[in-house]
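In case you want the letters, here they are:
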Amino acid sequence: MNHKSIRRSLLYVPGSSEKMIKKALDLDADSFILDLEDAVGLTEKGLARQNVKLYISHFKARKKEVIVRINDVKTEDGVLDLEAIVEEMPNAVIVPKADEEAVLITNILIKSTEKRYGIKGFEIGIIPLLETSYSIVHTFHILSSSDRISGVQFGAEDLTKELGIERTRDGKEIEYARNVIAQAGNARKIDILDTPFTHVGDRDGLIQDTNNAKSIGFTGKTCIHPNQIEIVNDVFTPNAEDVIKARHLIRVFDHAVDSGKGVCMFEGKMIDNPIADRARKLVMKADLISGLTINN
Ligand code: COA
Ligand code: MG
């Protein structure tokens with residue numbers, strides 16, 4: 001699936017809290033994830049579903065990406081969630097405890113509900129949430145199980161719970177899972193979205209954790225509190241100096257290519273095609289982000 005908008009920060013908002021949903025409408029996350037699953041108590045599932053159905057259009061009216069995390073599609077709640085929300089056309093749904101079967105069922109249910117409502121020319125994406133050991137060892141297959149898949153999210157809390165291991169501030173215990181997801185997500189050319197950082201008051205911890213994820217290939221991070229949005233956006237926004245340097249590098253390289261060379265020197269280092277391409281990618285991302293800021 002060809003997904004164009006940028007997803008640096010994605011704020012989880014409990015579907016059961018109309019107050020938080022209304023507040024979220026004025027926040028600056030790139031995406032909003034209205035949650036029907038873990039953030040919602042068992043007695044509030046119906047209320048949350050109603051709220052989410054009602055408010056999807058409010059986010060869309062403000063040109064904000066809106067995603068819904070549904071319940072397990074192998075349960076009645078998950079099926080009811082999809083039946084309720086597909087008509088409102090959220091940009092994507094997050095499939096919890098994802099495996100190939102859950103993605104397949106989600107795809108079929110979305111398709112049949114779209115048919116029922118005559119929805120054409122708008123594609124609701126699927127974002128598998130990988131949070132079980134099974135999903136870590138089958139990552140690439142799960143991410144290849146539907147053309148609708150526009151991103152992948154990592155869920156560290158459920159994974160470490162399943163393994164029976166401690167979660168730590170520096171996240172050593174989740175490095176392997178993160179690396180697997182980064183490689184498979186990159187191979188599928190989709191957004192690679194990190195697990196939330198649950199210690200809401202720990203600003204330095206969040207910066208460190210977000211940088212760790214970014215340094216191995218993650219392209220965005222889910223958030224659970226409004227205070228996390230700006231920090232996460234900052235980490236995933238190319239810094240101005242790097243962009244200036246990248247533009248300069250591209251000019252020097254293009255000049256070398258025009259004069260028939262394949263490599264040249266830039267600030268004491270050799271540059272060739274992959275290095276120039278990396279610089280082009282950085283500039284494109286910066287332009288995309290500044291385009292979004294100007295249009296908002
Ligand atoms: N989305 C929208 N608004 C939020 C929010 C969120 N995720 N988290 C907090 N807020 C609002 C609060 O309602 C409060 O609003 P107010 O100032 O108008 O009263 C303000 O931001 C400050 O919140 P604060 O008092 O610091 O936090 P809290 O104690 O109310 O809530 C949590 C803390 C963790 C319970 C809350 O942030 C939350 O529910 N986060 C989402 C959890 C979630 O979705 N988990 C599932 C995915 S892992
Ligand atoms: Mg969970």
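Not measured: the values here are computed from a predicted model.

Reading the values: the criteria
Residues numbered from 1 in each chain as written. Chains lettered and ligands numbered in written order. Predicted model: local features only at pLDDT ≥ 70, side-chain atom pairs only at ≥ 80, totals over all residues. Heavy atoms only, no water. Buried < 20%, exposed > 50% of the residue type's maximum accessible area, 1.4 Å probe, protein only. Helix = DSSP H or I, 4+ residues; strand = E, 2+ residues; numbered from the N terminus. Pairing = 2+ DSSP bridges. Right-handed = clockwise from strand over helix to strand, strands pointing away. Domains from an automatic or database assignment. Core = buried A, V, L, I, M, F, W, Y, C linked by side-chain atoms within 4.5 Å. Contact = heavy atoms within 4.5 Å. Near = heavy atom within 4 Å. Polar contact = N/O pair within 3.5 Å; in protein donor to acceptor, adjacent residues only side chain to side chain. Nonpolar A, V, L, I, M, F, W, Y, C, P; charged D, E, K, R; others polar. UniProt positions renumbered as here; feature names shortened; annotations may be inferred.

1. Quick look at the pairing of strand β2 (residues 31-35)
Looking along a regular strand, one sees side chains alternate from face to face of the sheet.
Then, in step 1: With 5 of its 5 residues buried, β2 lies for the most part within the structure.
Then, in step 2: Here β2 shows two buried faces, one formed by Ser31, Ile33 and Asp35 and the other by Phe32 and Leu34.
Then, in step 3: By the bridge criterion, 5 bridges tie strand β1 (residues 9-14) to β2 in an arrangement that is parallel. Looking across to β2, one finds that Val13 is bridged to Leu34.
Then, in step 4: Taken together, β1, helix α1 (residues 18-24) and β2 form a β-α-β motif whose crossover is right-handed.
Then, in step 5: Pairing of β2 with strand β3 (residues 65-69), which is carried by 5 bridges, proceeds in the parallel orientation. Considered in β3, the bridge of Ser31 is made with Glu65.

2. Observations concerning the environment of Val263
Then, in step 1: With respect to the secondary-structure elements, Val263 resides in the loop between α11 (240-258) and β9 (264-266).
Then, in step 2: When its relative accessible area of 41% is taken as the criterion, Val263 is described as partly exposed.
Then, in step 3: On a C-alpha basis, the gap between Val263 and Ala276 in space is 9.9 Å, while along the polypeptide they are 13 residues apart.

3. A closer look at the domain arrangement of the protein
Then, in step 1: As far as domains go, the protein holds domain 1 (9-235) and domain 2 (240-295).
Then, in step 2: Put simply, the middle of domain 1 and the middle of domain 2, counted by C-alpha atoms, are 33 Å apart.

4. A few points about the nonpolar core
Grouped burial of nonpolar side chains is what soluble globular proteins tend to show.
Then, in step 1: Counting residues in hydrophobic clusters, the biggest one holds 60 residues, and the most contacted among them are Leu11, Leu34, Phe59, Leu82, Ile85, Phe154 and Ile181.
Then, in step 2: Sequence-distant contacts of Ile85, that is, excluding residues within four places in its chain, are made with Val52, Ile56, Val68, Ile70, Pro90 and Val93.
Then, in step 3: Core analysis: the second largest hydrophobic core is formed by 13 residues, Ala246, Phe266, Ala279 and Val283 among them.

5. Quick look at the site of ligand 1
Then, in step 1: Contacts to ligand 1 come from 14 residues, most closely from Tyr12, Lys19, Met20, Ile224 and His225.
Then, in step 2: One of the backbone N or O atoms of Tyr12 is found 2.8 Å from a nitrogen atom in ligand 1.
Then, in step 3: Here a nitrogen atom of ligand 1 sits 2.8 Å away from a polar atom, N or O, in the main chain of Ile224.
Then, in step 4: No other element matches β1, which puts 4 residues into the shell around ligand 1.
Then, in step 5: A breakdown of the residues in the shell around ligand 1 according to their chemical character gives 9 nonpolar, 1 polar and 4 charged.

6. Regarding the UniProt feature "binding site: substrate" (unreviewed entry) in the protein
Then, in step 1: As annotated in UniProt, the feature "binding site: substrate" (unreviewed entry) corresponds to Arg69 and Glu131 in the numbering used here. A stretch of 63 residues holds the annotated residues, and the largest C-alpha distance among them is 13.7 Å, short enough that they meet in one place.
Then, in step 2: Looking at where Arg69 falls in the secondary structure, it is placed in strand β3.
Then, in step 3: The exposure class assigned to Arg69 is buried, which follows from its relative accessible area of 9%.
Then, in step 4: Setting aside chain neighbours within four positions, we find Arg69 in contact with Tyr12, Ile33, Leu34, Asp35, Leu36, Glu37, Asp38, Ala39, Ile94 and Leu129.

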